[in-house]
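Reading the structure
The residues making up each chain are set out below.
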Amino acid sequence: EWSRGLGDVYKRQIKSYESALEMDYINNIVRTNLANLYYRNKDFIKTEEAYKKIIELEPEYGQTYYTYSLLLAELNRFNEAIKQMHLAIKYMPENIRFYYNLSLLYDKMNNLKKAEAIAAKGLKLDSNNEGLLYVLAYVYNKGNQKNKAKNIAYRLVQLYPNNTQYTRFYTQLSNSN
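This text gives an overview of the structure that appears in the document. (Residues numbered from 1 in each chain as written. Predicted model: local features only at pLDDT ≥ 70, side-chain atom pairs only at ≥ 80, totals over all residues. Heavy atoms only, no water.)

Glancing now at the packing of helix α4 (residues 62-74) against helix α5 (residues 78-91). The N-to-C vectors of α4 and α5 enclose an angle of 165 degrees; their axes lie 8 Å apart at closest approach. In terms of orientation, α4 lies roughly antiparallel with respect to α5. In this structure, α4 meets α5 at a crossing whose hand is left-handed. Contact residues: α4 offers Gly62, Tyr65, Tyr66, Tyr68, Ser69, Leu70, Leu72 and Ala73, while α5 offers Phe78, Glu80, Ala81, Gln84, Met85, Leu87, Ala88 and Tyr91. (Axes fitted to C-alpha atoms, helices over the stretch in contact; angles between N-to-C directions. Helix = DSSP H or I, 4+ residues; strand = E, 2+ residues; numbered from the N terminus. Parallel < 35°, antiparallel > 145°, perpendicular 65-115°, else oblique. Left-handed = near helix turned anticlockwise from the far one by under 90°. Contact = heavy atoms within 4.5 Å.)

Quick look at the environment of Tyr170 now. By the element assignment, Tyr170 lies in helix α10 (residues 164-175). Looking at Tyr170, the relative accessible area reads 24%, which means it is partly exposed. On a C-alpha basis, the gap between Tyr170 and Asp24 in space is 54 Å, while along the polypeptide they are 146 residues apart. Discounting residues that sit within four places of it in the chain, Tyr170 has contacts with Lys150, Ala153, Tyr154 and Val157. (Buried < 20%, exposed > 50% of the residue type's maximum accessible area, 1.4 Å probe, protein only.)

Any two aromatic rings considered together are summarised by their centre-to-centre distance and by the angle between their planes. Per the stated rule, a full pass over the model turns up eight aromatic pairs. In textbook terms, an aromatic cluster arises when at least three aromatic residues are bridged by ring pairs, as seen for Tyr134, Tyr160, Tyr166 and Phe169. (Phe/Tyr/Trp six-rings, centres within 6.5 Å; stacked < 30°, edge-to-face > 60°.)

With that settled, consider α10. The terminal C-alpha atoms of α10, which comprises 12 residues, lie 16 Å apart, in line with the 16 Å expected from a rise of 1.5 Å per residue. Buried residues in α10 make contact with α8 (130-142) and α9 (146-159). Where α10 begins, one side-chain oxygen reaches toward the backbone nitrogen of Gln165, 2.9 Å away; that side chain belongs to Asn163. (Expected span 1.5 Å × (residues − 1). Polar contact = N/O pair within 3.5 Å; in protein donor to acceptor, adjacent residues only side chain to side chain.)

What tends to happen in soluble globular proteins is that the nonpolar side chains get buried as a cluster. Met85, Leu102, Leu105 and Ile152 are the most contacted members of the largest nonpolar core, which totals 43 residues. Where this core is concerned, the elements lending two or more residues are α3 (44-57), α4, α5, α6 (96-108), α7 (112-125), α8, α9 and α10. At seven residues, the largest contribution of residues to this core is made by α8. Among residues more than four places away in sequence, those in contact with Met85 are Tyr66, Ser69, Leu70, Phe98, Asn101, Leu102 and Leu105. Ranked by size, the runner-up nonpolar core spans six residues in total, among them Ile14, Leu21, Leu34 and Leu37. (Core = buried A, V, L, I, M, F, W, Y, C linked by side-chain atoms within 4.5 Å.)

Structure follows, in structure tokens:
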């Protein structure tokens, strides 16, 4: 049974949200909370169904595409995840986190050119975004663009001097030439 493993609290919450949807079928706040509960129980089929329904009822809400993309990525359905993340960006183009995750998805697919392009596009919105800078340095390094990676790593060290991970990364890149 899908609810096996859920505690009594989750079971009551799910029943409560399902009952609420019977009364107000188009309430996407309730449906989102329900999708989150399904997800916590690793019922990915019901989670995906809920996301699809939210998108059907509210197709211009970028956050749903984002969370749906994360689910698809977790299920190793990367091409679908990339499509959903592009839709998230279409509807919420100022959200840096979407660029960060899309860049990581392209990296996961070994499409370093697109990973680089998406990170660069996100950096146009926030040129000092720590996550995007690190992804860009990582992608450059992975693509054997060591000098570009080193320059970005140096920038990270300058921006975030207390982050020892960036210092180690920069040192590693400096010593590899």
